[in-house]
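# Understanding the architecture of this molecule
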Amino acid sequence: MDTSRHAGRVALITGAASGIGRASLLRLAQEGAAVVGCDVDHRGLDEACTSARAAGGRCDVVCGDLRKADQIELIVRRVLETHGRVDILANVAGVSDGFVPLHELSDDEWDRVLDVNVTAPMRLCRAVLPHMRAAGGGAIVNVASIAALGGNGGIAYCASKHGLLGLSKAIAWTYRDEGIRCAVICPGRVETNIRASAPQISEWGYERQASFLALAERIAQPDEIATLLSWLASAEASNMNGAVVSSDGGWRAP
């Protein structure tokens, strides 16, 4: 761990109350960033921030629902009012669809998953980009999934992660001459509570995915993904723009 890696930089991290988001908040704070975590889970968010401060990090939190455009605007405004800049945006928040196949999918479930997994990251990127451009640069790291690389997973989840990958590549290409980088992490199985975000698990859909899921012999810890996120957001990864990095323990290697 490099405690000065992000010194003088401000990082906004979504999904910071648990899992990969929490691990990323702790790691970037320990590596010198002034971190602002946001999540809908106020208690988990406060606990994560307390842990970051106890380890000597600088941390603030903003509780908000990423499905609501006005709350995204509020989150970014709070960061700017407190710190005056956003150097790093880590879109980590995400929800599962419980492996729901298309013939079982409702419009409400499609909207819920797409709202959190791709529309919210788009809105956050859109909100911080003017400030990154004015500052002469910045780093965006979007956490997708190996579902972004194939057809495994529920229909809405898979589509949302493909959409996040496309959004990230378009940002990387469009703003490449302005010192702004955008990279994507595609984790495999990670020890998080994302499945709890699904209203229900589709038995039929899960059975269709079971043979693929069985190939994942290793479940990563959240900090293993946070370590990669921190590096991608750092100056050490200055040539990693538009990069799509899998972290799946070899799950897709066969």
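Small disclaimer: the values here were computed from a predicted structure and weren't measured.

For the coordinates displayed, the defined rule picks out two aromatic pairs. When the ring of phenylalanine 99 is compared with that of tyrosine 206, the centres are 5.3 Å apart and the planes differ by 80 degrees; the resulting orientation is edge-to-face. With a gap of 107 residues between them, phenylalanine 99 in the loop between β4 (88-91) and α4 (107-135) and tyrosine 206 in helix α6 (residues 203-213) connect regions that are remote in the sequence. The exposure class of phenylalanine 99 is buried, given its relative accessible area of 12%. With 4.8 Å between their ring centres and 20 degrees between their planes, phenylalanine 212 and tryptophan 251 make a pair best called stacked. Taken together, the residues span a long stretch of sequence, with phenylalanine 212 in helix α6 and tryptophan 251 in the segment after β7 (244-247) at a distance of 39 residues. Both residues of the pair, phenylalanine 212 and tryptophan 251, belong to the buried class. We note arginine 176 situated over the ring of tryptophan 173; from NZ or CZ to the ring centre the distance is 3.6 Å.

In this structure, Leu12, Leu66, Val86, Leu89, Leu124, Met132 and Ile140 are the most contacted members of the largest nonpolar core, which totals 39 residues. Take this core: its biggest share by element is six residues, from α4. What leucine 12 contacts, discounting residues up to four positions off in sequence, is Val36, Cys38, Ile75, Val76, Val79, Val86, Ile88, Leu89, Ala90 and Leu124. Ala17, Ala48, Ala52 and Ala233 belong to the second largest nonpolar core, which has 33 residues in total.

What follows concerns helix α1 (residues 19-30). Helix length check: α1 (12 residues) gives 17 Å between terminal C-alpha atoms against 16 Å at 1.5 Å per residue, within 8%. Along α1, the positions that sit buried rather than exposed are Gly19, Ile20, Gly21, Ala23, Ser24, Leu25, Leu26, Arg27, Leu28 and Ala29. Looking one or two residues beyond α1, the residue adopting positive phi is glycine 32, at roughly 105 degrees.

What follows concerns the sheet that holds strand β3 (residues 58-63). Read from one edge of the open sheet, seven strands run β3-β2-β1-β4-β5-β6-β7, paired in parallel fashion. Looking at the sheet topology across the chains shown, the edges are occupied by β3 and β7. Here the strands of the sheet are splayed against their neighbours by 20 degrees on average, with no regard to which way each runs. Both β4 and strand β5 (residues 138-143) contribute to a ladder of four bridges, which runs parallel. If you follow alanine 90 over to β5, its bridge partner there is valine 141. On top of the sheet, helix α3 (residues 69-83) reaches β1 (10-14), β2 (34-39) and β3; it is set at about 150 degrees to β3, its chief contact. On the sheet, helix α7 (residues 222-233) packs against β4, β5, β6 (180-187) and β7 and is oriented at approximately 165 degrees with respect to β6.

Procedures and definitions
Sequence order as written defines residue numbering, which begins from 1 separately in each chain. It should be noted that, the model being predicted, local features are given only for residues of pLDDT at least 70 and side-chain atom pairs only at 80 or more, the latter also being counted only at that level, while totals for whole chains, interfaces and linings use all residues. For side-chain calculations, the full set of non-hydrogen atoms in the structure is used, while hydrogens and water are omitted. Two rings belonging to Phe, Tyr or Trp (six-membered ring only in the last case) form a pair when the distance between their centres is within 6.5 Å. Interplanar angles under 30 degrees mark stacking, angles over 60 mark edge-to-face geometry, and anything in between is tilted. To qualify as a helix, a DSSP run of H or I must reach at least 4 residues; to qualify as a strand, a run of E must reach at least 2; elements of each kind are numbered from the N terminus. Any residue under 20% of the maximum accessible area for its type is buried, any over 50% is exposed, and the rest in between are partly exposed; the area is computed with a 1.4 Å probe on protein chains only. By definition, being over a ring means that NZ of Lys or CZ of Arg is both within 6 Å of the ring centre and within 35 degrees of the ring normal. We define the nonpolar core as a collection of buried residues of types Ala, Val, Leu, Ile, Met, Phe, Trp, Tyr and Cys that are connected through side-chain atoms lying within 4.5 Å of one another. Two residues form a contact once any of their heavy atoms are found within 4.5 Å. For a helix, the expected span equals 1.5 Å multiplied by the residue count minus one. Note: two strands are recorded as paired if DSSP finds a minimum of 2 bridges between them. Axis lines are fitted to C-alpha atoms, over the contacting stretch for helices. Their N-to-C directions set the angle, which ranges from 0 to 180 degrees.

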